[in-house]
Structures are given as structure tokens and as C-alpha cells.
Amino acid sequence: MSRIIRFIILDILKNRIVLVYTVLLAAFAWSAFSLEDNSSKGTLTLLNIILLIVPLVSILFTTIYIYNSAEFIELLVSQPIKRNKIWISLFAGLSLSFVIAFLLGVGIPLFVFADPNIAIMMTTIGSIITMVFIAIAFLSSILSRDKAKGIGVSISLWLYFALLFDGLVLFLLFQLAEYPIEKMMVFLAATSPIDLARILILLQLNVSALMGYTGAIFKDYFGSTLGLLVAFLLLLIWVIVPFLFSLKIFKHKDL
Amino acid sequence: MKAIVFILIQCLIPLLTFAKTWHIGEKHAFKKIKEGIAVAQNGDTILVEKGFYKEGNIIIDKSICFLGRNMPIIDGDRKFEVLSIKANNVTVEGFKIQHSGYATLDDPGGIKVYDSERVNIINNLVYDNFFGIYIQYSKNCLIKNNKIIAFGKQEQEIGNGIHCWKSDSLQIIGNDVRGNRDGIYFEFVTHSVIWRNTSVKNIRYGLHFMFSNNDAYFSNIFENNGAGVAVMYTKNVIMMNNTFKENWGDAAYGILLKDISDSYIYNNRFLNNTSAIFSDGANRIVIEKNIFQGNGWGLKVQASCMDLSMINNNFLGNTFDVSTNGTLVQNTFKANYWDKYEGYDLNKDGIGDVPYRPLSLFSVIVESNPPAMLLYRSFMVSLLDKSEKILPSLTPDNFIDNNPLMKSLKL
């Protein structure tokens, strides 16, 4: 299995896109911190990168990569290797290279400039978000044989989580403004990995406005150690569930 | 000639007075404070040596100077009011006054001043009392450099640190108040000054002002109080050079301005509060040269406010600079520095050429729908805000600073 992982990572490195991605992230992060006069503004810029660019690049690259390595996968399947192993090592290879890219690009400037607690939180969450969207890409690319369709599904899913979901939440908020919906909102937030990540990081940043009424509710749920654990667990579920689904389909799929 | 006579009289005064000093302590004739007070005459000094005095309620009903040497402790046994002052011209200095009783009917305090004038309370440690220092119907009193510490858990179980009621011309200077209900409480107190105090971690307000006209507070620090500072039902208050810091919570404000008029807020620092200034029913108030930094809301102006002028303030790193709950705006914003301003300055005169609208769409949404805070910093919301900035449709269009500054003011 480790040989397959190694092979995939080498293949991704040869592709050079991940290297460009690392350099781009680093450029963004270093300039965000050195251009803004205080580090909290820089962290907020990085927050946007984690919430938008990281998911987009992870989901797109992974989808295209899986489609492109269809022949390689077929070759592997013809060998005496379990399908489980092939799919998992594919996931591990992609995740590893992207998480390392993220840690090199964003993690280092974060630890240099930002508060260590915030840096730890943001790097962990950024890494998990990377894996979440790689897992989602696995699912969307296994669902159809058509490459264009698969990429389309991936982009729509990214659009949904990064943009449409928040619009939907806002719409619901206005429709249900008359009701006590705070708890429902917390539940709703948990159904989108990007929102979950955003709230977790914002709570770490100690934004004063979040100390208000709504903030108190989030702090109650996500601020305690238990809440933090639950939130991380939820994020991990976002990695595991889509991947397991894709694995299940892959195992029985006629390639 | 008149001056010479005056100086002569001044020189003769010491010859005419026969003030005595009474010593109280283990090694002296008087072991108890009450015995000393009983024999003292107006103008005498009572000097209390270091020791522990538990004598129930001690009443000072003569104009004496009551001094403690090396912080003697006067204890109220958690039953009595510790020290009651019922005479003019009294000075109390250098005591540790502790453990007053608890009663909601007659509000016992560590030191309570009844209907007196020119009382000085200086350098005392007022420790774990129901009310700390309580002034009622008094005039020209000085409360200086006292440390007032209490350990209140709930509002109804603890009194205020410095409680002033129906008084005039008080000076509250350099005190340190912690853990009470309200740090400093003013009701019907006029022509008074509150200067260089520190009010930290009180359960309710750091400073509570009601029906107290013509007062001023300068250079105080209000930090981490349950609800910040409230100035209510009052006019002609001057608030200068104070620091309002880390008052966190939905109902916590740097300053709550409630039905207050003709006041002046100058050169204060509002740091990391949930809401720096919340104004409701405030009229004719000038807010000038303040720093608003890292607050959730810099300024919450309810539609009931009129003629608020915001001039030359610095807004730095607040989540929302301004928010309001209505569409009617009768307040002015002039020449402030907004760090969110994105305009340009072609003629280089330091004033932005494009007006700045401090009210963001998201702040309006959050005002009407608090759970929307969930979407703070979401990409969707930034998009909405940007489009609203270009084409204001939901936010009141006269909420505007026509000459925003390009650089922050040096304050």
C-alpha cells in the first residue's frame, strides 16, 4: 500500500500543479501578513483562503486527477491487490500531498506571525477542510463515468458549500425570524463543513461582536472542550462519510 | 492694612485652639475606639494603633480626625454597619474596614456618611462589605485613594462600591473598586467629579449614573464589568480621557447612553467591548476624538437619538463601526477615520474624495435578526455588503461621513 501511495505522490509532484499551489498559498499568506498592519487582519485574509481557495483547488484537482488516472486504476485492479487498498492509497496520496502543500504554504507564515493557538486551530482546520473536499471529489468522480459531468458536479458542490448554503441559511433566517431558531442554526451550521470551519476559527479569534447573544450560544456549543471535540468529530465525519460511500461504490463498480 | 490683620489673625489661630490627640490601642489608655470617640471634642484627633477592633457599629458624631496607624482593622462581624459618620468635617484615613452586615432595608455599608459636609475618606481598604462607601444627603466630600474589594456573586447579594445618593459637590478620586454590584453609583448627585478611578470586574456596572446632572468623569478605567458603564436620565455630563475595556456580553456596553442630553464625550478609548457606545434616546451629544478599537459594534445608535455629532474619531478594527435600528437618521458624522474606508484622495488634502457609508448591510441584518451573526465573515455576506456599498438600497442613505479622513488621527 505504501508503495502505491509513494507512486501517487511522485506522480502528483511530476504534475507540478501542487507545487504551484504551494507557492501561491505561500505568496498569499506572506503578503497577507506583511501588507496588513496588524496580524489579526492577516489571519482574516487567510480565513478567506481556507474557506474558498483551499476547497476549490482540492476538489477540482482531485476530480480531474481521478478521471485522468482511470487507466492506471484499471491497471492496478488487474493486479492481485484488493480494491480497498487501491482506493484508500489513492485517497491517502492525494490528501497527503495537499495537506503538506497547505502546511508549507499557509502553516509556516501562520506560526511565524499569528498567535500560536490560532495558528494551531487554523492549520488543523485547513488540513481537515482539504481532506473533506478531496473526499467529496472522490464521491463525485465515482458517481459518473463522464468526466465533464463529474467535474460539473464537483464545481456545483463547491459552489453550494462556499456560497449557496450561506444564502440559503440567510433566507431561512429571514423566513423564520419570528421563531427561536438559534439552536436550529447551530445544527444547520454543522451540516456544512465550511461553515463549521468558519465558526470554529472565528471563536478562536475572539471577535468582540461574537460575544453578543448569538455568540454566547455558539460559545456554549462550540467553545467548550466537549463542543470543540464534537465539532472536530463532525468535520471528520465530513471526511469519512463521503469517502466510505465512494469506496463502497468503487468496490462493486464495473470499471 | 487688611492683609496684615488677616495674617496676624492667622498666626494667632494655633494659640487659640486646644485640639488634642487621643491614642487608642493595646498599650494606651483607651483600648476601644468607642471610648475614644466618647471623650473626644470637635477638632480632636483620634489615632488608632494597629490592631483588631470589633465593636459593632461605630458612630462618629463629632468633627474629628480619625486616623489609623499601620492599617488597624475594624470589623463589623457581618452584623453591623462598620463606620457611620454623622458629623461635618470628619476625616477617616488609613483603616481596613471589613465584614459589614447584610440588610436590604437599611443598606449597611463599610463607611456610611449621613447628611454631612466636608467628610474626607482617604486611603482605606474597604474589604468584603455589603456596601463599600455610602454617601447620602452630603456635600463637599472627598473620597480618595481607597481600595474597595468585595466578592459578590449575584446582583441582589451585594451592594455598590461607592454609592452616592442625593449629594452635591463630591470628589471621587483615585479609588480602586472591584467585585461589587456597581463600582461607582450616582443617583441625584450633582456638581461632582470622578477622577482617575479604576473600576474592574463589578457584577453590574462599572459606573452607574442616574438623574445626576452637571457631573464629570475623567481618566477612569472601566474594565470587564458585567454591563459596562451606564449614564442615564441625565444632562450635562462630561466624559473625558476614560478607558472602557473588555466589557463583554449581549447587554454589556462601553457606555450606555439612555435618555441623556447635552453631554460631551471626548478623548476616550473604547477597546474590545461588545458594543462601545449604545445610545438610546440621547440628544445633543458631541462625541469627539475618541478611539474605537476592536469592538463588536463601535456605535449603536437607536432611531430615538437626535443631534449626535461624531467628529474626528478613530475607528480601528471594529466588526461593525456603526449600526442602527431604523431608517430615520438625525445624527451627523464628520471627519472621522474609518479603517474600512476604501476611497481615494486625489488632491492630497488628507480628506477622502468619496463619502463613506459606515453602516454595512450586514449590520442592519444582524440588528433585526441577531442569529444572522452566524454568517459573519461568510463569502456570501461580503458579496452582499459590497453590492450594497455600491448601490445602497436597504441602508439609510443619509448615514454618511462626507469627509472621511485618509489617515488615523494621532490621539
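This is a predicted model, so every value here is computed, not measured.

Caption draft 1: View of the overall build of chain A. Of regular secondary structure, chain A possesses 11 helices and zero strands. Of the regular secondary structure in chain A, the N- to C-terminal order runs α-α-α-α-α-α-α-α-α-α-α. Since a compact globule built from 255 residues should have a radius of gyration of about 18 Å, the 19 Å found for chain A is in line with a globular shape. If you line up chain A on its principal axes, its C-alpha atoms span 60 × 45 × 30 Å. Split into buried and exposed, the 255 residues of chain A put 43% on the buried side. Counting only contacts in chain A whose residues sit at least 6 apart along the sequence, the fraction spanning at least 24 positions is 79%.

Caption draft 2: Spatial organisation of the overall build of chain B. Counting its secondary structure elements, chain B contains four helices and 38 strands. Seen through its principal axes, chain B has C-alpha atoms that stretch 85 × 60 × 30 Å. For chain B, buried positions account for 45% of its 411 residues. Restricting the contact set of chain B to residue pairs at least 6 apart, pairs at least 24 apart contribute 46%.

Caption draft 3: Structural view of the packing of helix 3 (residues 39-68) of chain A against helix 6 (residues 116-143) of chain A. Residue and element names in this part refer to chain A. Interhelical geometry of helix 3 versus helix 6 gives an angle of 30° and a closest axis separation of 8 Å. Overall, the two elements helix 3 and helix 6 adopt an arrangement that is roughly parallel. In terms of crossing hand, the pair formed by helix 3 and helix 6 is right-handed. When its residues are assigned to classes, the contact of helix 3 with helix 6 shows 16 nonpolar, eight polar and no charged.

Caption draft 4: Looking closely at the packing of helix 5 (residues 83-113) of chain A against helix 6 of chain A. Residue and element names in this part refer to chain A. Relative orientation of the contacting elements helix 5 and helix 6 amounts to 155°, with a least axis distance of 9 Å. Here helix 6 runs roughly antiparallel to helix 5, going by the angle between their axes. Judged by the sense of rotation from one axis to the other, the crossing of helix 5 with helix 6 is right-handed. The residues of helix 6 that touch helix 5, namely those facing Phe91, Leu94, Ser95, Phe98, Val99, Phe102, Leu103, Val106, Gly107, Leu110 and Phe111, are Ala119, Met122, Thr123, Gly126, Ser127, Thr130, Met131, Ile134 and Phe138. For the contact of helix 5 with helix 6, the residue count by class is 14 nonpolar, six polar and no charged.

Caption draft 5: Looking closely at the interface of chain A and chain B. In this assembly, 31 residues from chain A lie in contact with 26 residues from chain B. Elements with a contribution of two residues or more to the side of chain A that touches chain B: helix 3, helix 7 (147-175), helix 8 (182-190), helix 9 (193-205) and helix 10 (213-223) of chain A. Broken down by element, the side of chain A that touches chain B gets its largest block of residues, eight residues, from helix 7 of chain A. Here the side of chain A that touches chain B is built from residues that sort into 21 nonpolar, seven polar and three charged.

Caption draft 6: Here's a closer look at the nonpolar core. In this structure, Val132(A), Ala197(A), Leu200(A) and Ile111(B) are the most contacted members of the largest nonpolar core, which totals 173 residues. Looking at this core element by element, the count peaks at 16 residues for helix 6 of chain A. With sequence-adjacent residues up to four places away left out, Ala197(A) is seen in contact with Ile50(A), Leu51(A), Ile125(A), Ile129(A) and Leu235(A).

Caption draft 7: Structural context of the confidence of the model for chain B. Summing up the model confidence of chain B, the mean pLDDT is 90 and the portion of residues at 70 or higher is 97%. Across the whole predicted complex the pTM is 0.83, and at the interface the ipTM reaches 0.78.

Caption draft 8: Here's a closer look at the pairing of strand 5 (residues 65-68) of chain B. Residues and elements named next belong to chain B. Here strand 5 shows a buried face lined by Phe66 and Gly68 and an unburied face lined by Cys65 and Leu67. Two strands pair when backbone bridges link them, and strand 2 (residues 45-48) and strand 5 are joined in this way by four bridges, in the parallel orientation. Across the sheet, residue Val48 finds its bridge partner in strand 5, namely Gly68. Here strand 5 pairs with strand 8 (residues 91-93) via three bridges, running parallel. Across the sheet, Leu67 pairs through a bridge with Glu93, a residue of strand 8.

Caption draft 9: Inspection of unusual backbone geometry at higher detail. One non-glycine residue, Phe211(B), lies in the positive phi region at around 45°. Mapping Phe211(B) onto the fold places it in the loop between strand 22 (207-210) and strand 23 (215-218).

Caption draft 10: Broad picture of the confidence of the model for chain A. The predicted model of chain A has a mean per-residue pLDDT of 88, with 95% of residues at 70 or higher. In the model of chain A, helix 10 of chain A stands out as the element of lowest mean pLDDT, 68, in contrast to helix 6 of chain A, which has the highest, 94.

Caption draft 11: Examining helix 2 (residues 17-35) of chain A more closely. Residues and elements named next belong to chain A. With 19 residues, helix 2 extends 26 Å from end C-alpha to end C-alpha; this agrees with the ideal 27 Å at 1.5 Å per step. For helix 2, the set of buried residues is Val18, Tyr21, Leu25, Ala29, Ala32 and Phe33. Down the axis of helix 2, the buried side of the element spans an arc of 90°, and every buried residue falls inside it. Projecting away from the buried face of helix 2 at angles above 90 degrees are the exposed residues Val20, Ala27, Ser34 and Leu35.

Cut-off values and rules
Residues numbered from 1 in each chain as written. Chains lettered and ligands numbered in written order. Predicted model: local features only at pLDDT ≥ 70, side-chain atom pairs only at ≥ 80, totals over all residues. Helix = DSSP H or I, 4+ residues; strand = E, 2+ residues; numbered from the N terminus. Rg over C-alpha atoms; globule rule 2.2 N^0.38 Å. Buried ≥ 20, exposed ≤ 12 C-beta atoms within 10 Å, placed from the backbone. Contact = placed C-beta atoms within 7 Å. Axes fitted to C-alpha atoms, helices over the stretch in contact; angles between N-to-C directions. Parallel < 35°, antiparallel > 145°, perpendicular 65-115°, else oblique. Left-handed = near helix turned anticlockwise from the far one by under 90°. Nonpolar A, V, L, I, M, F, W, Y, C, P; charged D, E, K, R; others polar. Core = buried A, V, L, I, M, F, W, Y, C linked by C-beta atoms within 7 Å. pLDDT = per-residue confidence, 0-100. Pairing = 2+ DSSP bridges. Expected span 1.5 Å × (residues − 1). Arc of directions from axis to C-beta.

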